[in-house]
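Reading the structure
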Amino acid sequence: MARSLHVLLVYVVTHLGLIFFMYPEDIIASADEGHWVPILTGFAFHFAFLWIYMKGLSRGGGKDLTSLYLELGKVAAALLLLPVFVYFLMVNIITIRSYSEIITIVFLSNTPLWAIMLLLFLIPAWMASLGIRTIFRATFLVAAVCLPLVLFIFVSSFQNVDWRYVYPLLDKHYTFWNRISFYKSFFAYAGSFLFLGFVQPYFSYRIRTVLWTAVGILPLFLFSVYVPLLTFGESTASTFFFPYVVTLDMIQINWLMFERITVFFLMSLIIFVMLFVSLVLWQSSQIVGRFWPKAKTNWIIGGLFVVIFAGCLTVRSWNEVERLFIWNTWIRWYVLIVVPLTVYALGRRAERDAGGDRYAAGR
Amino acid sequence: MRQAVKWIVLFGILTASSGCWDNKDINHRSLPVVMGIGDAAGDYEVFLQIPEPVDSKMRVKIVSEKDKTITKAVDKISENLETQVDLLHLKLILIHSRCAERGLDNLFDFFMRVRDISPKALVVISDEELGSFFRNVQRSMKPTGTNLNDFFEKNAGWNPQIALTRIWQVYRSVHSFTRDVAVPIVKSGKSTLIEHMGSGVIRNGKLVGRIDPDETLLFNTFTGQSGQGKIEVLNRSSVMIDQVRVHRRSGIIGGVPWMNVRMDITVNLLELRQGTTIEEVKKELAELLDRRFERMFARVQAERSDIFALGQHFRNLLPRDRLREWRDRDYPRLKVDFKTYVVIEDYGHVKAN
């Protein structure tokens, strides 16, 4: 059970790191009114495939994602895992690049971007080289320190809320289906949940508790969008790049000695994002390691570090980040849909084989 | 060996991540607290009030520059000063009324966009030319250094008849369909630092009208910021507002929006003219507030500025397309029935008849 807690914390923390920045902007851009519908649609989608994915993994009997795929043979596994691997690389590039941009926008406006990116990546890479247990233990520590702070600031962000901005509740003609930003918003879901397939041999968890945790962070998804909407109204909130961060800047707490509590919130979230980056980096190193067993993990991580960092350096502007996001959409669908479905199919097969083996062993 | 490398790398991270890249020390920075934006024949004239410590006292320096953009003007000031101007601690934005009448949307777009100006800074309009305003203010300022913004801060010298509006609220008024703001108007005073003249009524980031301090008090009461405001009744008695509750009911009948507002106000008696009864005070106060509201509302309605944010109560009744035209289509036809109910909570130490 205690092990399960670690997994849950990683799930919560990595999502928190992703929710509060790009996600509100994408959802606000995807609809003019009744934003809860796209939020819930996205969430239901995530929830369903999360369940399928975990079901498949548990049927596979505690094997990790790569081993499940490898049962199909090396070539097939390589073909199926290649998009996942590419997705991991791109997620790391996008995350590091966009979060360092956020850091420059919000506080370190004088520090050159490459230095921020280097720092934002060096620590996660180091953590990843120390292995999954280190990442999980670090998550526990960070969560214990930062989660209360994040929750406090989250609650105080309701300070300027005017609930009447919730109306109109329903849009008569929903068009979020054909807006690209709705599909971009799935970034917040797709990034992290795959880790559940990589930690299997090291940590165990119960499907039901993970699903409850997912439901538990649904309010964060909702209010990361609704707090800016309720403070400013849709027509104002849609003019911002990071609506939630801007809203945080409005908080006025006289008895607190700090004037800009945004900084604390962002610091915590950036630590969460670092954990996320290290987790994704570790996962991609696991994939490479399985196909190339002779290579040392540290060397793999070093190589990936160089590739990803070079990728980060080639992205010059925010527009290019957005473009990467859009290119990424196709692989994201692969990760969100195809991977859970194939894992489910493979899990069932593995279960059947295992059952057959038991039968053959002469029970 | 590996340990040593690790420590060196860690130490390098520590030094690099301290946020001190290209850092300038505090004594090489100027941190203005007030920014004035005047109108100089179409260009902006930017004033900065910079506090400077001199012999353990604060002296105030005022600098100004003209240019087409604010950034350029600030840059010019920075160029001519021996220190770098840093707008991080800006607390108050003073805008000349001519600028405000022309429209503030560009200006507030800039304030929200730039990273170093806090969106919590207060916005104030000045009727006086800013040059003479700052000269007068500087003259009557105490040598220990008072801050102009203390006049407006809620935890300092703010009074309930002063509207309190921040940058982000004006920005919201520029974009929001159903919400506007009131901004205080000041000029430099004779015996005091500044003199409060009332409030400017903003519509879509444009100054379109004015209300006087008494009306501003009612406005603040209505929006729930009345903290101990005093009201004069029957020209010799006065009361202090203690608690206010506003109930609003809204609807649309035959395409015409209507609204019933009931304001329950609890007051403490302060001054009572001989020969006046409590009942008279209550009745007169209720009537006074009703009259004042109706007069003020008729005016802001004619100016099509929704400073009371009444449109917020129609968000669930009107579709979004209609809300977009709220200020021009439905708001001018809005019928408001305003009714005040007064309860006098106590009479202080002295009995009243």
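Residues numbered from 1 in each chain as written. Chains lettered and ligands numbered in written order. Predicted model: local features only at pLDDT ≥ 70, side-chain atom pairs only at ≥ 80, totals over all residues. Heavy atoms only, no water.

Digging into the sheet that holds strand β7 (residues 122-126) of chain B
All names here are of chain B. The condition is simple: Between any two strands, pairing holds if DSSP finds at least two bridges. Under the DSSP-based scheme used, a helix requires at least four consecutive residues in state H or I and a strand at least two consecutive residues in state E, with every element numbered from the N terminus. Note on geometry: axes are C-alpha line fits, over the in-contact stretch for helices, and angles between N-to-C directions span 0 to 180 degrees. Note on contacts: a residue pair is in contact if any heavy atoms of the two residues lie within 4.5 Å.
Ordered in space as β4-β3-β2-β6-β7-β8-β9-β10, the eight strands form an open sheet in which the pairing is mixed. Of all strands in the sheet, those bounded by a partner on one side alone are β4 (57-67) and β10 (206-211). Across the sheet, the axes of successive neighbouring strands diverge by a mean angle of 30°, strand direction being ignored. Where helix α6 (residues 167-175) meets the sheet, its contacts fall on β6 (92-96), β7, β8 (181-188) and β9 (194-203), and the angle it forms with β8 comes to roughly 130°.

Considerations on the pairing of strand β13 (residues 256-271) of chain B
Within a regular strand, the side chains alternate between the two sheet faces. Residues and elements named next belong to chain B. Looking at chain direction, strand β12 (residues 237-253) and β13 are connected through 15 bridges and run antiparallel. Opposite Arg-248, over in β13, you have Val-261 as the bridge partner. With antiparallel pairing between neighbouring strands as the criterion, β12 and β13 make up a hairpin whose turn holds two residues, including Gly-254 at a positive phi of roughly 55°. The pairing of β13 with strand β14 (residues 335-346) spans 11 bridges and is classified as parallel. In the sheet register, Met-263 faces β14, and the bridge partner there is Thr-340.

Describing empty space enclosed by the protein
Residue and element names in this part refer to chain A. Here is the rule we go by: In this analysis a 1.4 Å probe is tested at points of a 1 Å grid over the protein atoms alone, and where it fits but cannot get out there is a cavity; an open set with protein on both sides within 12 Å along at least five of seven lines is a pocket; lining residues have an atom within 4 Å of a point. Grid points are joined across faces, edges and corners, and a volume is the space filled by probe spheres set on the points. Polar here means any residue outside two lists: the nonpolar Ala, Val, Leu, Ile, Met, Phe, Trp, Tyr, Cys and Pro, and the charged Asp, Glu, Lys and Arg; Gly therefore counts as polar.
Within the structure shown, the criterion is met by four cavities of 30 Å³ or more. In this structure, the largest cavity occupies an estimated 80 Å³ of space. For the largest cavity, the lining is made up of 14 residues, of which Glu-33, His-35, Tyr-165, Val-166 and Tyr-167 are closest to its centre. A per-class count over the lining of the largest cavity returns six nonpolar, three polar and five charged.

Thoughts on the domain arrangement of chain B
All names here are of chain B. Put simply, the rule is: Domain start and end points were adopted from an automatic or database domain assignment. A simple way to read buried area is as the amount of 1.4 Å-probe accessible surface that goes missing from two parts once joined, with both sides added. Between Lys or Arg on one side and Asp or Glu on the other, a salt bridge is scored when a side-chain nitrogen of the former is within 4 Å of a carboxyl oxygen of the latter.
Domain assignment breaks chain B into domain 1 (24-211) and domain 2 (213-353). Once you take the C-alpha centre of each, domain 1 and domain 2 turn out to be 30 Å apart. Regarding the contact of domain 1 and domain 2, the summed buried area is about 2,200 Å², with carbon and sulfur atoms giving 54% of it. For the interface between domain 1 and domain 2, the tally reads one salt bridge. Asp-180 is the partner of Arg-327 in a salt bridge, and the nearest nitrogen-oxygen pair spans 2.9 Å.

With respect to the sheet that holds strand β11 (residues 230-233) of chain B
Residue and element names in this part refer to chain B. The four strands are arranged β11-β12-β13-β14 in an open sheet whose pairing can be described as mixed. Each end of this open sheet is capped by a strand with a single partner; those strands are β11 and β14. Pairs of neighbouring strands in the sheet enclose a mean axial angle of 40°, with direction left out of account.

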